[in-house]
Amino acid sequence: MNAEKAELIAINALTWILQNPTYLSSFIGITGATTNDFQENATEIPFLGSILDFVLSSDEYTLEFCNSHNFDQQSIFIARQFLPGSNLPNWT
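Residues numbered from 1 in each chain as written. Predicted model: local features only at pLDDT ≥ 70, side-chain atom pairs only at ≥ 80, totals over all residues. Heavy atoms only, no water.

Peer 1: Just to check I follow, could you spell out the pattern of salt bridges for this structure?
Peer 2: Side-chain pairing between opposite charges can occur once the charged atoms of the two side chains come close. Enumeration according to the criterion identifies one salt bridge in this entry. With its nearest N and O atoms 2.5 Å apart, the salt bridge here joins D53 to R80. Within this pair, whereas D53 is found in helix α4 (residues 45–56), its partner R80 is found in helix α6 (residues 73–81), the two being separated by 27 residues in sequence. Overall, D53 belongs to the partly exposed group, its relative accessible area being 38%. (Salt bridge = Lys/Arg side-chain N within 4 Å of Asp/Glu carboxyl O. Helix = DSSP H or I, 4+ residues; strand = E, 2+ residues; numbered from the N terminus. Buried < 20%, exposed > 50% of the residue type's maximum accessible area, 1.4 Å probe, protein only.)

Peer 1: Any chance you could explain the nonpolar core here in plain terms?
Peer 2: Side chains of nonpolar character tend, in soluble globular proteins, to be buried together. Grouped together as the largest cluster of nonpolar side chains are 26 residues, with contacts concentrated most on I17, F27, F38, I51, L52, F65 and I76. Residue assignment for this core shows that the elements contributing at least two residues are α1 (3–18), α2 (21–31), α4, α5 (59–69) and α6. In terms of residue count, the dominant contributor to this core is α1 (seven residues). Sequence-distant contacts of I51, defined by excluding residues within four places in its chain, comprise A10, A13, L14, I17, F27 and F38. (Core = buried A, V, L, I, M, F, W, Y, C linked by side-chain atoms within 4.5 Å. Contact = heavy atoms within 4.5 Å.)

Peer 1: Help me out: how do you make sense of α1 in this one?
Peer 2: Along an α-helix, residues three or four apart share an orientation, since each turn contains 3.6 residues. Over its 16 residues, α1 runs 22 Å from end to end, which matches the ideal 22 Å to within 8%, given 1.5 Å per residue. Turning to α1, its buried residues are A6, I9, A10, A13, L14, W16 and I17. For α1, the angular spread of buried residues about the axis comes to 160 degrees, placing them on one side. More than 90 degrees from the buried face of α1, the exposed residues found are E4 and L8. Capping the start of α1, N2 holds a side-chain oxygen 3.1 Å from the backbone nitrogen of E4, two or three residues further along. (Expected span 1.5 Å × (residues − 1). Arc of directions from axis to C-beta. Polar contact = N/O pair within 3.5 Å; in protein donor to acceptor, adjacent residues only side chain to side chain.)

Shape descriptors only; they carry no functional weight alone.
And the structure:
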């Protein structure tokens, strides 16, 4: 995994959220994001980090996203570590 792959996974997650009205509504409710935020920040790395934080906030979201994109669940967790704002320690 590298930062570029992590960004790609996060962009896939962003698209997945935008295609699921229930999850989009939940994301907006939790983060306070607006439609403009999606338009202006969709390619910003910190925003993409918040997208992965949202997906990882629920086992249901993580499983559904991973199943819909054929990602291993662990890869989402690892991808989040490559984006700014992750509070996870890097032990390597």
